[in-house]
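Structural overview for review
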Amino acid sequence: MGLLSDPNRRRALTTLLTRLNTPLCVVCYLAGVAWFMGLAFQPFTLRTYMSENAMGSTMVEEHFPAGERALAMGREFSAHKKQAGGMPVDWLVKAMQAKGLEVFTQSFSRTLPFPDENKERYMVRGTNVYGILRAPRAPRTESLVFSAPCSPQGNDQAVGLLLGLAQYFRGQIYWAKDIIFLVNEHDLIGMQAWLEGYHHTNSTGMSWTPLHGRGGSIQAALTLELSSDVITSLDLVLEGLNGQLPNLDLANLFYAFCQKINVLCTIQGKLQRNDWDSVAGYSHAVQTMLLMVLKQASGRPWGDHGLFLRYHVEAATIRGINSFRQYKTDATTVGRLIEGMYRKLNNLLERLHQSYFFYLLPSLSHFVSIGYYMPAFGLLILIPLLRALDLWVQLEGAAPAAVDGLVDGEQPSSPGFLSVMTPVVISHLTGVALYTLPVLAQQAAVEHFPVSETEAVVLTAIAIYTAGLALPHNTHRVLSGQGTEEGWRVLKLVAVLYMAVLLACTALINFSLGFILALTLVPVAAFITPHVPRIPSALAMVLLSPACTLLFSVFVYQELQETPVSLLDGWSLFLSVISQGILDHNLYGSLVYPLISLLVYPCWLLLWNILFWK
Amino acid sequence: MAAPLTLVLIIAVTIRAILFRSSLAELLIERVEVVSPLNAWKRVVEGLALLDLGVSPYSGDVFHETPLIIYLFHFVIDYADIVFMVADGITAVALYLAVQDYNKNVFRKQKYALEGDRYPADCLELIRSPKEMYYIPLKVALFYLLNPFTIFSCVAKSTCGLNNAIVALFILSTIKGSALLSAIFLAVATYQSIYPLTLFVPALLYQLQRLYIPVSLYRTSFWLFTLQYASMYLGSLCVIVCLSFFLLNTWDFIPSVYGFILSVPDLTPNIGLFWYFFAEMFEHFRLFFICVFQINVFFYTIPLSVKLKEHPVFLMFMQIAIISIFKSYPTVGDISLYMAFLPVWNHLYRFLRNIFLVACVMLACSALFPVLWHLWIYAGSANSNFYYAITLLFNVGQILLVSDYFYAFLRREHHLTHGLYLKRKDGSEATLVLK
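Residues numbered from 1 in each chain as written. Chains lettered and ligands numbered in written order. Predicted model: local features only at pLDDT ≥ 70, side-chain atom pairs only at ≥ 80, totals over all residues. Heavy atoms only, no water.

This paragraph deals with the overall build of chain B. Helix and strand content of chain B: 20 helices and zero strands. Taking 22 Å as the expected radius of gyration for a compact globule of 435 residues, we find that chain B reaches 23 Å, a close match to that expectation. In chain B, buried positions account for 57% of the 435 residues. For chain B, the share of sequence-separated contacts (at least 6 apart) that also reach a separation of at least 24 residues comes to 75%. Surface accessibility of chain B: about 19000 Å² in total, with carbon and sulfur atoms responsible for 70%. Side-chain charges of chain B comprise 29 positive and 26 negative groups, with the mean position of each set lying 12 Å from the other. (Helix = DSSP H or I, 4+ residues; strand = E, 2+ residues; numbered from the N terminus. Rg over C-alpha atoms; globule rule 2.2 N^0.38 Å. Buried < 20%, exposed > 50% of the residue type's maximum accessible area, 1.4 Å probe, protein only. Contact = heavy atoms within 4.5 Å. Areas by Shrake-Rupley, 256 points an atom, 1.4 Å probe, with all protein chains shown as cover. Lys, Arg positive; Asp, Glu negative; His and termini not counted. Charge placed at Lys NZ, Arg CZ, Asp CG, Glu CD.)

This next bit is on the environment of Ser-233 of chain A. Looking at where Ser-233 of chain A falls in the secondary structure, it is placed in strand 8 (residues 233–237). Not counting residues within four places of it along the chain, the set of residues in contact with Ser-233 of chain A comprises Leu-264, Thr-266, Arg-319, Gly-320 and Ile-321 of chain A.

Glancing now at the sheet that holds strand 5 (residues 178–185) of chain A. Residues and elements named next belong to chain A. Strand order in this open sheet of ten strands is 6-2-3-5-4-7-11-8-9-10, and the pairing throughout is mixed. Unpaired on one side and paired on the other, strand 6 (207–208) and strand 10 (270–271) mark the two borders of the sheet. Here strand 4 (residues 142–150) pairs with strand 7 (residues 217–225) via six bridges, running parallel. The residue bridging Phe-146 from the neighbouring strand is Leu-222, located in strand 7. Sitting on the sheet, helix 8 (residues 187–199) touches strand 2 (102–116), strand 3 (121–133), strand 4, strand 5, strand 6 and strand 7, and the angle it makes with strand 5 is about 140°. (Pairing = 2+ DSSP bridges. Axes fitted to C-alpha atoms, helices over the stretch in contact; angles between N-to-C directions.)

The subject of this paragraph is the packing of helix 15 (residues 453–470) of chain A against helix 22 (residues 592–611) of chain A. All names here are of chain A. Orientation of helix 15 relative to helix 22, taken along the N-to-C sense of each, is 30°, at an axis distance of 10 Å. One way to sum up the angle between helix 15 and helix 22 is to call them roughly parallel. Relative to helix 22, helix 15 is oriented so that their crossing is right-handed. For the pair helix 15 and helix 22, contact is made by Ile-464, Tyr-465, Gly-468 and Leu-469 and by Tyr-601, Trp-604, Leu-605 and Trp-608, respectively. Taken together, the residues of the contact of helix 15 with helix 22 break down into seven nonpolar, one polar and no charged. (Parallel < 35°, antiparallel > 145°, perpendicular 65-115°, else oblique. Left-handed = near helix turned anticlockwise from the far one by under 90°. Nonpolar A, V, L, I, M, F, W, Y, C, P; charged D, E, K, R; others polar.)

All names here are of chain B. Enumeration over the complete set of coordinates arrives at 67 aromatic pairs over all chains. An angle of 70° between the planes, with centres 6.4 Å apart, marks the rings of Phe-299 and Tyr-300 as edge-to-face. What makes Phe-299 partly exposed here is its relative accessible area of 48%. With 6.0 Å between their ring centres and 85° between their planes, Trp-345 and Phe-409 make a pair best called edge-to-face. Note that Trp-345 is positioned in the loop between helix 18 (332–339) and helix 19 (355–379) and Phe-409 in helix 20 (residues 384–418), a separation of 64 residues in sequence. (Phe/Tyr/Trp six-rings, centres within 6.5 Å; stacked < 30°, edge-to-face > 60°.)

Time to look at the UniProt feature "transmembrane region" (unreviewed entry) in chain B. Residues and elements named next belong to chain B. UniProt tags residues 68–99, 166–188, 233–251, 257–278, 285–306, 351–373 and 385–407 as "transmembrane region" (unreviewed entry). In this annotation, residues 233–251 is assigned 84% helix and 0% strand; the end-to-end C-alpha distance for the span is 21 Å. Between the end C-alpha atoms of residues 257–278 there is a gap of 19 Å, over a span that is 55% helix and 0% strand. (UniProt positions renumbered as here; feature names shortened; annotations may be inferred.)

Attention now goes to the confidence of the model for chain B. Residues and elements named next belong to chain B. The pLDDT averaged across chain B works out to 89; a share of 97% of its residues lies at or above 70. The spread of mean pLDDT over the elements of chain B runs between helix 6 (residues 130–134), the lowest at 84, and helix 9 (residues 160–176), the highest at 94. On the interface metric, ipTM, the complex scores 0.86, and its pTM is 0.89. (pLDDT = per-residue confidence, 0-100.)

On average, residues of chain A score 86 in pLDDT, and 93% of them reach the 70 mark or higher. Note on residues 400–413 of chain A: pLDDT is under 50 here. Beyond four places in sequence and across chains, it has 28 contacts.

Let us look at the nonpolar core. Of all hydrophobic cores here, the largest spans 273 residues; its most connected members are Trp-194 and Phe-308 of chain A together with Phe-73, Ile-171, Tyr-229, Phe-314 and Trp-345 of chain B. If we skip the residues at most four places from it in the chain, Phe-314 of chain B touches Leu-308, Trp-345, Leu-348, Tyr-405, Phe-406 and Phe-409 of chain B. The next biggest cluster of nonpolar side chains, apart from the first, holds 72 residues, and it includes Leu-133, Phe-169, Ile-261 and Leu-361 of chain A. (Core = buried A, V, L, I, M, F, W, Y, C linked by side-chain atoms within 4.5 Å.)

Turning our attention to the pattern of salt bridges. Close approach of charged atoms allows side chains of opposite charge to pair. Within the structure shown, the criterion is met by 25 salt bridges over all chains. Two residues, Glu-142 of chain A and Lys-177 of chain A, come together in a salt bridge whose shortest N-O distance is 3.2 Å. Here Glu-142 of chain A is found in strand 4, whereas its partner Lys-177 of chain A is found in the loop between helix 7 (156–170) and strand 5, with 35 residues between them in sequence. Measuring nitrogen to oxygen at the nearest pair gives 2.6 Å for the salt bridge that ties Glu-30 of chain B to Lys-42 of chain B. Here Glu-30 of chain B, found in the loop between helix 2 (24–28) and helix 3 (41–52), pairs with Lys-42 of chain B, found in helix 3; they are twelve residues apart in sequence, far enough to count as distant. (Salt bridge = Lys/Arg side-chain N within 4 Å of Asp/Glu carboxyl O.)

Once that is clear, we can look at a positive patch on the surface. All names here are of chain B. On the surface, a cluster of positive charge is contributed by Arg-108, Lys-109, Lys-111 and Arg-210. Sorting elements by how many residues they give to the positive patch places helix 5 (residues 80–115) first, with three residues. In this structure, Arg-210 sits in helix 11 (residues 200–210). (Patch = residues over 30% accessible without salt bridge, like charges linked within 9 Å, V, L, I, M, F, W, Y side chains within 5 Å.)

Quick look at the sheet that holds strand 13 (residues 366–369) of chain A now. Either a parallel or an antiparallel arrangement is found when strands of a sheet pair, and the pairing is made through backbone hydrogen bonds. All names here are of chain A. If you trace the three strands from one edge of the open sheet to the other, you get 1-13-12, paired in antiparallel fashion. Sheet topology places strand 1 (46–47) and strand 12 (359–363) at the edges, where each strand pairs with a single neighbour. Where strand 1 and strand 13 come together, two bridges link them in antiparallel fashion. Its bridge partner being in strand 13, Arg-47 is matched across the sheet by His-366.

Attention now moves to the state of the cysteines. All names here are of chain A. The final tally for this structure, using the stated rule, is zero disulfides over all chains. In this structure Cys-28 is not part of a disulfide, and its nearest cysteine sulfur, from Cys-25, lies 6.6 Å away. The thiol of Cys-258 is unpaired, and the distance to the nearest cysteine sulfur, on Cys-265, comes to 4.1 Å. (Disulfide = S-S within 2.5 Å.)

So, on to the environment of Phe-225 of chain B. Residue and element names in this part refer to chain B. Counting through the fold element by element, Phe-225 comes out in helix 12 (residues 220–248). For Phe-225, a relative accessible area of 7% translates into the label buried. C-alpha separation for the pair Phe-225 and Ile-213, spaced twelve residues apart in sequence, amounts to 8.7 Å. Apart from the residues lying within four places of it in its own chain, the contact partners of Phe-225 are Ala-179, Leu-204, Gln-207, Leu-208, Leu-211 and Ile-213.

This is the structure we're talking about:
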C-alpha cells in the first residue's frame, strides 16, 4: 500500500513514468515483438505430452485390414455421386444400412446473403446422411463423431474409408460410446445444419429438418479429408471458429499415433525439422507458428471440425496430402491410425480437459502455452496504458489542482463533454454503417453499377471504410467551436483506454487476432497527436489501419504458404477474403467482421480524429 | 431545477422502455453479474406460479424473495416493466431531494463556521460555493438513472432496483428529519435484505445531530432518543415480519430468505467474493469462514461510526458501499446505488489519489466479465479461476475507490482544522501520509 498512499513515492514513480514514457514505450514494443519471435525457439517451448490418463497409459492395437475394400467403396461412391449430381443419398443410406448402422438423413437449405464466388454457391440445398453405431458396452450417453465431407471435388476416398471403418468397427465389441458416422454435404453449411439439429439450437436462421436419431453427448469428433488413394503425409488442422482450438490432447493423440504407425505428420503443411539450433530450423518453426497465428486470427473454421468447438466438442480435421515424396502410405495405414485414435477416445472417462486450450504450435512436438505467449501481448498492451497514464498526468498538470491537491487557482472550463462525445458517437455510427450497409445495399449497388453481388458487397464495404476517413474528423468544431489542447488529450485518453480494453478482450478470446491488431494499432495510438507532421503521419496511420493489416496478412500468409502472389492477385485475394469474412459472420456466426467494423475500426477512427484536431 | 430532473427522468425511462423491447433484455435476465439467486426475475415468476397453485413459494429451493415482494407482484405482474422503471425513478427523485437538503445543511454549517471564524485562513479554497453545489443533486439523479449498471439491472428486472428504492426513501426521510418514516423504511430495507441493518447507526447519528443532542453515553437525552428510534425501528420490523407471516401463514420465509442470505448455500458465480471461496472450501471449515465473511459486512460499522460520528451522511455512503462489496450475493445494481453518491463528494476530487487507476480497473473488469464468462461457460477453454480473478480485481478496485474517498474526506476535514499548507516542526513543507 505504500506506493498507493505515500505521496512522495507516488510522485517519484509518476515523474519516472512520464519522463521515460517514450523510451519505455519503444522498449515495450520491441520487447513484445522479440518475445513473440522467441516463442518459436525450441528451448523456450515445452514438449507436448499426453495429460489425459485415460488416453495415455492404456495400450490399444490396430487391426484394420480393409483399406483396399474401402477405396473400392470410395470409387463406387464417386460413381454414384456423379450420377446423382450431388450427394447420392439413397446409395449411401443403403450402404450404411448394409454395414449395420442405424441410418438417418437430414435435409437442409440455406440462402446465402450474397453469392459465394469462391465456392460458387448461392441457394444451397442438401442432405446429410449419418449412421449411428450403438455402443454394445455401455449406456448410450456419450458419443464420438467421425465425419467426411461429400464435396464435388474428390474426397471420395475419405467417404470410402469411413464406410470401411464403419463396417470394421461394427464387428468390434469394445465400444463404450456411440460412434456417429456422418457424411455432410456442402461442407460447413451441412455441418452447421447437422450440429444445430443435434443440439436443438438455431443460431444462424438456417432451415433444416430435425434429426430423428441421436447418440449421447458428443465427446470428440474427427473429420477426414482424403483425395488420393495413397498419401505421403497427414496434416492436422486445429483452428476452429473464432480462433478456438481443441484441447491439446487431441493433437497429442494424433502425433502419438503418427509416431507409432510411422506416418509422416505435418501441421500447417510443414514437416517438423530436427535442427532447431540452426537458423533454417528456427525460421522453419517461426513460419509454422506464424501460419497458425494468421489462421487463428482469421477466425474462420479451417476445416469441417471448426464448428464442433462451439458446442464444447473437441474436434480436429485430418487431411491427407499427396506430394512428390517417395514414401507413400496406403489407406489401410490411415484406417489403422484412425482406428487407434478412436479406440483411445473410446477410453475417455470424461471430456478432454486435462491439457491446454490456449496454445500455439511451432511444431507438432512442441507447444507454447498461454503463460508463455501472453507476456508478449502484455508488453504491447502496456504501451497504451503508459500513454494513458502520461496523458492523465498532463491533464492533471494542466488543471491547477495539481499534484497532491496543494496548488491553488481557478479551475479552467474543462473541455466540453460534447466535444469528446461527438467523435466517439460519429465513429461508432460509421462502424455501424460499415457493419450493416454492405449486405443491405447490395441490391441497389448491383442496379446502379456494373458489378456482381459479391463485388458489390465488398466494394461497398471498402467505400464506407474509406469514406469514414473523410467523415468524422473535426466534427467537434461544429458543436463547440475551436478544439482545445485539452480536448484532444481527453479524446486520446478515451481512445487509448478504449483500445487497451478492446485488445485485451480480443486477445483473451482469440490471442492471434488480438496480437496482430495490437502490433499495428498500438504504435498508432502511441505516437499520434495533432502536432506531428500531418501528411507522413496520415500515411503511416492508413498503412497501419485494420484494412491494411488485413492486406499485409494476406501477403504474408501467401508468402509463408510458399505460394507468393503478385500485387494484383493479392488485391483480388484481399477482396475475396473480405467477402469470406462477411459470409463467415452471416453463415456461422464468426465474430471477426463485427468486431473489426463495430469496435476496432471506430477506435482507429478516434485516433484519426486526433491527428486532424484543430 | 424541476425541469432538468424531468428531462433526465424522461430520457431514462425512454432508454429502459426501448431496452425492455429489445433482445438485450433476454440476455441480461440470465447474466450472473446483473441478477443473483436472491433477486432474479425468473425466480419471482416461479414463486408466483407456486403461489397461484396454492403451494408455499418457499417449498423447493428456487424462490428467495420476501413475502411482501411476492404479494406486490401478485397484483402488478402485468405491469412489471413499469414497476421497475418507477422504482428507479423513485430512487433517483428521493436521492435528488435528499442530496438537495443535505447540501443546504452543509452550506448552512459552513456559513456558521465562517462567521465564527473557525476555519484557518489558508483554507478558503476548500470552502464550497453555492455555484458548484447547485448542480450536485441533478448529477446524483443523472448518475443513478443513466449508469449502465442501473439500466442493466432494471432491464433484467432484478428486484435489486426495488431494494435500492427503499434505501433511497430511507435516506430521504432520514435527511428530512422524519424519525418515524426513517425507522419504517429502514425496517423495510432490513426486512428485504438484512444488511441495511448497519445503516441504523448513521441514521441515528444524523438525527441526533439534527436535534442538537450530543453523542455522549452519560446524557439521558441521548439514550432517550436512541431508545425511541430503536423501538420504532424494531416495532416496525416486528410488524412487517408478522404481516408476512399472516400473508402466507407460514414461517418458511425466515430460513428461505435470511438463512439463504446468511449461510450462502447457492454458489452460482457472481461479482462477489463468496462463491469461489466456498466452492473450494472443505465442508468442515465452512461455518467458521461464513462467520468471518459475514462479520466483514457488519464489523466496519464500529470503527467507521467512531471516526465519522460528525458526518453521518458520509458514513451512510461508506456503509452502503461496504454492503455492496461484501454482501453475499452482490449484483451491479447494488454498486450503482453507492456510485450515485459520488457526485456529492465532488469537492474531494483534489484529494483523491487513485481515481485514474480505479476507473481503469473498474472499466476493464466490466468489459472482461462477459468475455471470461463466455470463455468459461460457452467455449469451455477457460475455467472458473479466470472469472474469479476478474471478480477479485473488480472488488479490489471498489475497495480502493471507497478507501480513497474515505481518505480524501478525512484529509479535507484535517485541513479544515489545521490549515491547508502544513508545516513540519522545522518549517519545511509537510505531506500527509496514510499508514
